[in-house]
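# Close look at the chain arrangement
Spelled out, the chains give:
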Amino acid sequence: YDREGNKSAWIKPDSQESFWGLKDFYSYYGRRYGLYYMKNIDYRKRGLYSGADSESQKIDGFTLIKSIRLNKLSGNWVLVTVIDFDSKPKIGYIQWRESDGTIIIFPRIGQ
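For the structure given in this document, a descriptive report is provided here. Numbering of residues starts from 1 in each chain and follows the order in which that chain's sequence is written. The model is predicted, so local features are restricted to residues of pLDDT at least 70 and side-chain atom pairs to those at 80 or more, both for listing and for counting; the totals for chains, interfaces and linings are taken over all residues. Excluding hydrogens and water, the side-chain values take into account all heavy atoms of the structure.

The subject of this paragraph is the packing of aromatic side chains. Classification of ring pairs rests on two measures: the distance between centres of Phe, Tyr or Trp rings, Trp counted by its six-membered ring, which must be within 6.5 Å, and the angle between planes, read as stacked under 30 degrees, edge-to-face over 60 and tilted in between. For the structure on display, the rule yields 11 aromatic pairs. Aromatic side chains Trp20 and Tyr28 sit 5.0 Å apart centroid to centroid with 80° between the ring planes, which places their arrangement in the edge-to-face category. Throughout, exposure labels follow a simple rule: accessible area from a 1.4 Å probe, protein chains only, divided by the maximum for the residue type, with under 20% read as buried, over 50% as exposed, and the rest as partly exposed. A relative accessible area of 37% means that Trp20 is categorised as partly exposed. Ring geometry for Tyr36 versus Phe106: centroids 6.4 Å apart, planes at 70°, classification edge-to-face. Of the two residues, Tyr36 is situated in strand S1 (residues 35-37) and Phe106 in strand S7 (residues 105-107); the sequence distance between them amounts to 70 residues. Judged by its relative accessible area of 31%, Tyr36 is partly exposed. Exposure remark for Phe106: the relative accessible area of 22% places this residue in the partly exposed category. Charge-over-ring contacts are defined here by two conditions on Lys NZ or Arg CZ: a distance within 6 Å of the ring centre and an angle within 35 degrees of the ring normal. Seen from the ring of Tyr37, Arg46 lies directly overhead, with NZ or CZ sitting 4.6 Å from the centre. Only DSSP runs of H or I with at least four residues qualify as helices, and only runs of E with at least two residues qualify as strands; both kinds are numbered from the N terminus onward.

Given below as structure tokens:
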């Protein structure tokens, strides 16, 4: 929770049913309400790729986004449908988390 101070913590749920793993959390809310880029993410990291790794071919890039809908979670990458301001859907993979754990994209919690 504090990258600069190198601090982390655990939160104990009231019951096992109250606990959501990160992948379950992303899948549920990302499919239901969509995703958004975290604040101050460099636009060069907003690439749409043909596969679930940075070595895949870059299909497209975008700066202004209407919506991002999660289709499938695959490691640190998600298969998404992006609606840009040209209103045409673009399908491909985007990185949601870097290898060091830095989160790039987060699910919307509600409408």
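From this point, things continue past the structure.
Moving on: helix H1 (residues 22-33). Along an α-helix, a turn takes 3.6 residues, which lines up residues three or four apart on a common side. The span one expects for a helix is its residue count, reduced by one, times 1.5 Å. Here H1 contains 12 residues, and its C-alpha end-to-end distance of 16 Å stays within 8% of the 16 Å for a straight helix at 1.5 Å per residue. Those residues of H1 lying buried are Phe25, Tyr26, Ser27, Tyr29 and Gly30. Residue contacts are counted whenever heavy atoms from the two residues lie within 4.5 Å of one another. Contacts from the buried residues of H1 go to S1, strand S4 (65-74) and S7. Positive phi shows up at Gly34, right after H1, with a value of about 95°.

As a further point, take unusual backbone geometry. Despite not being glycine, Asn40 shows a phi value in the positive range, around 65°. In this structure, Asn40 sits in the loop between S1 and strand S2 (47-49). Residues other than glycine seldom take positive phi values, yet Ser87 does so here, at roughly 65°. With respect to the element layout, Ser87 can be found in the loop between strand S5 (77-84) and strand S6 (89-95). Judged by relative accessible area, Ser87 falls into the partly exposed class, the value being 42%.

Looking now at the environment of Tyr28. One can find Tyr28 in helix H1. Counting along the chain gives 72 residues from Tyr28 to Asp100, while the straight-line C-alpha distance between them is 24 Å.

Bringing the pairing of S6 into the picture now. The side chains of a regular strand alternate, residue by residue, between the two faces of the sheet. Looking at chain direction, S5 and S6 are connected through seven bridges and run antiparallel. Looking at S6, one finds that Leu79 is bridged to Tyr93. In this structure, the hairpin formed by S5 and S6 is closed by a connection of four residues, where Ser87 is found at a positive phi of approximately 65°. Pairing between two strands is assigned when DSSP locates at least 2 bridges connecting them.

Remember, this is a structural readout, not a statement about activity or role.
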